[in-house]
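What follows is the residue order along each chain.
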Amino acid sequence: MRKLMIAAVLSTSAVALSACSGMNETQESTAAGAGLGAAVGGIAGGGATEALLGGAAGAGAGYLYEQAQDDEGEYDEGGGLFD
């Protein structure tokens, strides 16, 4: 049963990762954060509820990280916004 579960997780992950080709950077960061958060939440908490909460927190963190990265490039040397 454990081998079947591992095979299902790996095949689902492969399909999910192949679907990321058309995503922009914000979507990729959000999805990566959700996946990592769900994995950490599931392992640390040991249940589906913890995995769900970890996924939600990870998605939010991934989104906020990407927004912070985008904001860094919006100022130029003259100090103006979007010049």
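Residues numbered from 1 in each chain as written. Predicted model: local features only at pLDDT ≥ 70, side-chain atom pairs only at ≥ 80, totals over all residues. Heavy atoms only, no water.

Enquirer: Which residues make up the overall build of the protein, and what values go with them?
Expert: In terms of regular secondary structure, the protein is built from three helices and zero strands. Put simply, the protein runs from its N terminus to its C terminus through helices and strands in the order α-α-α. Here the protein holds 83 residues, and the buried ones make up 16% of them. Pairs at least 24 apart in sequence give 41% of the contacts found in the protein among residues at least 6 apart. Element-wise, carbon and sulfur atoms account for 66% of the exposed surface of the protein, whose accessible area totals about 6200 Å². (Helix = DSSP H or I, 4+ residues; strand = E, 2+ residues; numbered from the N terminus. Buried < 20%, exposed > 50% of the residue type's maximum accessible area, 1.4 Å probe, protein only. Contact = heavy atoms within 4.5 Å. Areas by Shrake-Rupley, 256 points an atom, 1.4 Å probe, with all protein chains shown as cover.)

Enquirer: Now, about the environment of Asn-24: what can you tell me, with residues and values included?
Expert: Here Asn-24 lies in the loop between helix H1 (2-18) and helix H2 (25-45). Within the structure, Asn-24 has its side chain in polar contact with the backbone nitrogen of Gln-27 (distance 2.8 Å). (Polar contact = N/O pair within 3.5 Å; in protein donor to acceptor, adjacent residues only side chain to side chain.)

Enquirer: Describe a negative patch on the surface, and please don't skip the residues or the numbers.
Expert: A cluster of like negative charges, contributed by Glu-25, Glu-28, Asp-70 and Asp-71, occupies part of the molecular surface. At the level of elements, H2 and helix H3 (48-72) are the ones that each hand at least two residues to the negative patch. Mapped onto the fold, Glu-25 is located in helix H2. (Patch = residues over 30% accessible without salt bridge, like charges linked within 9 Å, V, L, I, M, F, W, Y side chains within 5 Å. Salt bridge = Lys/Arg side-chain N within 4 Å of Asp/Glu carboxyl O. Lys, Arg positive; Asp, Glu negative; His and termini not counted. Charge placed at Lys NZ, Arg CZ, Asp CG, Glu CD.)

Enquirer: For H2, give the residues involved together with the corresponding values.
Expert: The terminal C-alpha atoms of H2, which comprises 21 residues, lie 29 Å apart, in line with the 30 Å expected from a rise of 1.5 Å per residue. Residues of H2 that are buried include every one of Thr-26, Ser-29, Gly-33, Gly-37 and Gly-41, and no others. On an axial view of H2, the arc spanned by its buried residues comes to 85 degrees, and they lie on one face. Opposite the buried face of H2, by more than 90 degrees, sit the exposed residues Leu-36 and Ile-43. You can read the cap of H2 off the contacts: a side-chain oxygen lies 3.1 Å from the backbone nitrogen of Thr-26, and it is on Asn-24. Phi turns positive one or two residues past the end of H2, at Gly-46, with a value near 80 degrees. (Expected span 1.5 Å × (residues − 1). Arc of directions from axis to C-beta.)

Enquirer: Could you give an account of the side chain of Ser-29, with specific residues and numbers?
Expert: Tracing the backbone shows Ser-29 in helix H2. Looking at Ser-29, the relative accessible area reads 17%, which means it is buried. Setting aside residues up to four positions removed in sequence, Ser-29 forms contacts with Gly-62 and Glu-66.

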